[in-house]
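Below are the chains, spelled out letter by letter.
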Amino acid sequence: MVQFEELRLSLLEYEEKLTQLREALGLDDMNKEIAELEEQTAQDGFWNDLANSQKVQQRISQLRSKINAYNSLEGEYNDALVLIELADEAEDLDMLDECKEAVDGFISRLDAM
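Residues numbered from 1 in each chain as written. Predicted model: local features only at pLDDT ≥ 70, side-chain atom pairs only at ≥ 80, totals over all residues. Heavy atoms only, no water.

Draft legend 1. Molecular detail of a negative patch on the surface. Taken together, the side chains of Asp 94, Asp 97, Glu 98, Glu 101 and Asp 104 define an acidic patch exposed on the protein surface. Its location among the elements puts Glu 101 in helix α5 (residues 96–112). (Patch = residues over 30% accessible without salt bridge, like charges linked within 9 Å, V, L, I, M, F, W, Y side chains within 5 Å. Areas by Shrake-Rupley, 256 points an atom, 1.4 Å probe, with all protein chains shown as cover. Salt bridge = Lys/Arg side-chain N within 4 Å of Asp/Glu carboxyl O. Lys, Arg positive; Asp, Glu negative; His and termini not counted. Charge placed at Lys NZ, Arg CZ, Asp CG, Glu CD. Helix = DSSP H or I, 4+ residues; strand = E, 2+ residues; numbered from the N terminus.)

Laid out in structure tokens, this is it:
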């Protein structure tokens, strides 16, 4: 149906921005840093230095939080896309408002990030 196709196309316009956000946040580098920090936590004597071990754990937590926020946003994008496709296949215009809300919610969160 035309309404769903227009909504899908408007959502797809944000795919590049989502990719740019991933790159701007440096998610791949964050994952590497987490791996390196976790290696440190496995080394002998790491936990003997309480101040350093807390600092490392806090950094891991911060990085994971940022990664989880992005992954949640990416999931929201994918969920909205699937919802639109399912509603279109079912030709269910009653779902149009729900699809619009999903798209608007994603765009709002993307802009906030």
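Draft legend 2. Geometry of unusual backbone geometry. Its identity is not glycine, yet Glu 91 carries a phi of approximately 50 degrees, on the positive side. With respect to the element layout, Glu 91 can be found in the loop between α4 (50–90) and α5.

Draft legend 3. Highlighting the packing of aromatic side chains. Scanning the entire structure with this criterion turns up three aromatic pairs. Between the aromatic rings of Phe 46 and Trp 47, the centroid separation amounts to 4.8 Å while the plane-to-plane angle is 85 degrees, which identifies the pairing as edge-to-face. Aromatic pair Tyr 77 and Phe 106: ring centres 5.2 Å apart, planes at 55 degrees, arrangement tilted. Taken together, the residues Tyr 77 in helix α4 and Phe 106 in helix α5 connect sequence positions 29 residues apart. Like Tyr 77, the residue Phe 106 is buried in the burial classification. One aromatic cluster in this structure is built from Tyr 14, Tyr 77 and Phe 106. (Phe/Tyr/Trp six-rings, centres within 6.5 Å; stacked < 30°, edge-to-face > 60°. Buried < 20%, exposed > 50% of the residue type's maximum accessible area, 1.4 Å probe, protein only.)

Draft legend 4. Structural view of the pattern of salt bridges. Within this structure, the stated rule accounts for five salt bridges. In this structure, Asp 28 engages Arg 22 in a salt bridge whose closest nitrogen and oxygen atoms are separated by 3.2 Å. On the basis of relative accessibility, which here comes to 47%, the residue Asp 28 falls in the partly exposed class. For Arg 22, a relative accessible area of 28% gives the class partly exposed. In this structure, the salt-bridge partner of Arg 109 is Glu 76, at a minimum N-O distance of 2.5 Å. Pair noted here: Arg 109 is in helix α5 and Glu 76 is in helix α4, with a separation of 33 residues, a long-range link. Residue class for Arg 109 comes out partly exposed when judged on its relative accessible area of 30%. Overall, Glu 76 belongs to the partly exposed group, its relative accessible area being 23%.

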